[in-house]
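Overview (structure and organization)
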Amino acid sequence: MTDGGGRIYLDNAATSWPKPEAVYAAVDRYQRELGVAVGRGATRRGAELQSIVDRCRQRAARLFNASSPQQIVFTFNGTDSLNLALHGVLRQGDHVVSTVAEHNSVLRPLREMQDRLGIDVTLVDVDGHGRIDPDAIAAAMRDETALVAITHASNVTGVIQPVEEVGRIVADSGALLLVDAAQTAGHLPIDVAQLQVDLLACPGHKGLLGPLGTGLLYCREGLEERLRPIRQGGTGSRSEDDRQPEALPDRYESGNHNAPGLIGLEQGLAWLEGQEPGRLRVHEIELTKALHSGLAAIENVVVYGPAAEERVGVVSFNLEGMEPQVVAGLLDESFGIETRAGLHCAPRMHEAMGTAVLGGTVRMSVGPMTTFDEIETAIVAVQQLARAF
């Protein structure tokens, strides 16, 4: 949304902005009026804060169709959620199937465990749009495969992956399915039961419209027996015991919560709940279609990824003869348009697309507050750069 200084924000795949006004108001009220820790006191303000945090957990459970709010674990970002899932589940010598479409928040923990624990990792390739073939996942699995870890949508091309088909394959194998929903939570309907997801990780600050420093991990009922906590400490419960609690969510929520972040996240989730079903997705598709077609019509511009209906609101492109970082810098300095350039923490994806040697791509990503006027302004700006250079 353009602010008084002419700012156009098209980097919602990194973090959403602007947030609903209620998010800002809730965080400010916490800091000024509440100011207490979660689960650490029996005061009236402590009880009010606990009620809000419980409501946040309930809203998240409804959003993902989790059978219980206790299956929603609060973390500090999507990377934190993925690290808990990966380090918590995998054991020495395990086999993991993942893909070249993954973010470094998956690739780097897997590499660390390859080096430290000797786990074996198979990375499945993608097609020209970055799409995963479920049959390739099935072919890569073995009897000893412990986990399949896939992204729900690419943060480079926006392509939506066939998670439901992969879920059926994994459910029949005895392995666990971990889904990185960083680009889809709040954008697409997610039913963890229908998708047969065991673990689903996402940040709270992107499509869920909460503040930075918030994240979620859905943990299927009963999975706490296999998912080890990777952090131990105070939980505000069972303080007499020097062993980590076994019950969800305390088992994984040691230390003080990000209380202002969770209060803001609760209001972000409330805003999403208040929207007409399907309206935000239609808006996103229409914006993405306009952006994709407008950029593709510009001479010397290469746009990556599938049709708008097959992706979330992420569009990557390159202007021939210009490094993506230069394009992004000019868009910001000359037009007030904020994008992201580079490899987007997904180096294997860019290698598969052939864009790694170019320095990656310029990525524009829309959100619920993005307008069609902003999209048109961005297209005109790229047209002007293409003519000038």
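Residues numbered from 1 in each chain as written. Predicted model: local features only at pLDDT ≥ 70, side-chain atom pairs only at ≥ 80, totals over all residues. Heavy atoms only, no water.

Turning to the pattern of salt bridges, a few remarks are in order. As enumerated under the stated definition, the model contains 20 salt bridges in all. A salt bridge links Arg32 to Asp28, with the shortest nitrogen-to-oxygen separation between them at 2.7 Å. One end of the pair, Arg32, and the other, Asp28, are both in helix α1 (residues 21-34), four residues apart, so they sit about a helical turn from each other. One connected set of salt bridges, linked through shared partners, spans Arg55, Arg59, Arg62, Glu266 and Glu273. (Salt bridge = Lys/Arg side-chain N within 4 Å of Asp/Glu carboxyl O. Helix = DSSP H or I, 4+ residues; strand = E, 2+ residues; numbered from the N terminus.)

Within the largest apolar cluster, 55 residues are counted, with the highest numbers of intra-cluster contacts made by Phe64, Ile72, Ile137, Val148, Ile150, Leu200 and Leu216. When residues of this core are assigned to their parent elements, the largest contribution, seven residues, is made by helix α2 (residues 44-64). The two domains that each donate at least three residues to this core are domain 1 (8-19 + 277-388) and domain 2 (21-274). Setting aside its immediate chain neighbours within four residues, Ile72 contacts Arg57, Ala60, Ala61, Phe64, Ala66, Leu216, Leu217, Tyr218, Pro249 and Glu253. One finds Val73, Leu84, Leu147 and Ala149 within the second-largest nonpolar core, a separate group that totals 27 residues. (Core = buried A, V, L, I, M, F, W, Y, C linked by side-chain atoms within 4.5 Å. Buried < 20%, exposed > 50% of the residue type's maximum accessible area, 1.4 Å probe, protein only. Domains from an automatic or database assignment. Contact = heavy atoms within 4.5 Å.)

This part is about the UniProt feature "domain: Aminotransferase class V" (unreviewed entry) in the protein. As annotated by UniProt and renumbered to match this structure, "domain: Aminotransferase class V" (unreviewed entry) occupies residues 8-376. Across residues 8-376, the secondary structure splits into 37% helix and 16% strand, with the terminal C-alpha atoms separated by 11 Å. (UniProt positions renumbered as here; feature names shortened; annotations may be inferred.)

With that settled, the discussion passes to the sheet that holds strand β9 (residues 301-304). Strand order in the open sheet formed by four strands is β9-β10-β13-β12, and the pairing between neighbours is antiparallel. Edge strands, defined here as strands with exactly one partner in the open sheet, are β9 and β12 (340-342). This sheet shows a mean twist of 30 degrees between the axes of neighbouring strands, independent of strand direction. Along the sheet, helix α10 (residues 324-335) makes contact with β10 (314-319), β12 and β13 (361-365), crossing β13 at roughly 45 degrees. Relative to β10, helix α12 (residues 372-388) is tilted by about 15 degrees, and along the sheet it contacts β9, β10 and β13. (Pairing = 2+ DSSP bridges. Axes fitted to C-alpha atoms, helices over the stretch in contact; angles between N-to-C directions.)

This part takes up the domain arrangement of the protein. Segmenting the protein into domains produces domain 1 (8-19 + 277-388) and domain 2 (21-274). Listed per partner, the contact involves 35 residues of domain 1 and 34 residues of domain 2. A salt bridge links Glu310 to Arg131; the nearest nitrogen and oxygen atoms lie 2.5 Å apart. Taken together, the connections running from domain 1 to domain 2 amount to 20 residue pairs in polar contact (both at pLDDT 80 or more). For the side of domain 1 that touches domain 2, the elements supplying multiple residues, two or more each, are α9 (279-296), β10, α11 (347-353) and β13. Looking at the side of domain 1 that touches domain 2 element by element, the count peaks at six residues for α11. Per-class residue counts for the side of domain 1 that touches domain 2 are 18 nonpolar, eight polar and nine charged. (Polar contact = N/O pair within 3.5 Å; in protein donor to acceptor, adjacent residues only side chain to side chain. Nonpolar A, V, L, I, M, F, W, Y, C, P; charged D, E, K, R; others polar.)

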